[in-house]
Amino acid sequence: MAVDVFSEKLEAVLRRHLKFLDQQQELPLDTELSLLGLDSLSAINMLLDLEETFEIMIPDELLSTETFRSASTLEAALRTLV
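Residues numbered from 1 in each chain as written. Predicted model: local features only at pLDDT ≥ 70, side-chain atom pairs only at ≥ 80, totals over all residues. Heavy atoms only, no water.

1. A closer look at the overall build of the chain
Next up, step 1: Counting its secondary structure elements, the chain contains 3 helices and 0 strands.
Next up, step 2: Taken from the N to the C terminus, the helices and strands of the chain come in the order α-α-α.
Next up, step 3: The C-alpha radius of gyration of the chain comes to 12 Å, within 12% of the 12 Å expected for a compact globule of 82 residues.
Next up, step 4: Principal-axis analysis of the C-alpha atoms gives the chain an extent of 30 × 30 × 20 Å.
Next up, step 5: Just so you have it, the chain exposes about 4900 Å², and 56% of that area is on carbon and sulfur atoms.
Next up, step 6: Of note, the chain has its 6 positive side-chain charges centred 3 Å away from the centre of its 16 negative side-chain charges. (Helix = DSSP H or I, 4+ residues; strand = E, 2+ residues; numbered from the N terminus. Rg over C-alpha atoms; globule rule 2.2 N^0.38 Å. Areas by Shrake-Rupley, 256 points an atom, 1.4 Å probe, with all protein chains shown as cover. Lys, Arg positive; Asp, Glu negative; His and termini not counted. Charge placed at Lys NZ, Arg CZ, Asp CG, Glu CD.)

2. Side note on the environment of Glu52
Next up, step 1: As for its placement among the helices and strands, Glu52 is situated in helix H2 (residues 40–54).
Next up, step 2: Glu52 gets classed as exposed once you look at its relative accessible area, which sits at 66%. (Buried < 20%, exposed > 50% of the residue type's maximum accessible area, 1.4 Å probe, protein only.)

3. Details of the layout of surface pockets
Next up, step 1: Taken as a whole, the largest pocket holds about 220 Å³ of empty space.
Next up, step 2: If you trace the largest pocket, you find 13 residues lining it, with Leu38, Asp39, Ala43, Thr65 and Phe68 closest to the centre.
Next up, step 3: A breakdown of the residues in the lining of the largest pocket according to their chemical character gives 7 nonpolar, 3 polar and 3 charged. (1 Å grid on protein atoms, 1.4 Å probe; cavity = no way out; pocket = protein on both sides within 12 Å on 5 of 7 lines; lining within 4 Å. Points joined across faces, edges and corners; volume = space filled by probe spheres on them. Nonpolar A, V, L, I, M, F, W, Y, C, P; charged D, E, K, R; others polar.)

4. Description of the nonpolar core
Next up, step 1: Within the largest apolar cluster, 22 residues are counted, with the highest numbers of intra-cluster contacts made by Leu14, Met46, Leu50, Leu74 and Leu78.
Next up, step 2: Those elements that place two or more of their residues in this core are helix H1 (5–17), H2 and helix H3 (71–79).
Next up, step 3: For Met46, the contacting residues outside a window of four places in its chain are Val13, Leu14, His17, Leu33, Leu38, Phe68 and Leu74. (Core = buried A, V, L, I, M, F, W, Y, C linked by side-chain atoms within 4.5 Å. Contact = heavy atoms within 4.5 Å.)

Structure (structure tokens):
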């Protein structure tokens, strides 16, 4: 991910919720988050974590599998909200 505060915060949140991503492993931007360990329960927890971290409310229309498909799709959606 690009080195900026937004990306650093996003990566920290993702690492807390992606159980198959090793801490030393680089975050693959286009890998499906489900392949990195994101399941329905961890997605809900991650959603709450994202809203708290970025002080935003993610609208219902962004609560889709496409938004949460990969780190890059999630980042693009979140950048529209901050």
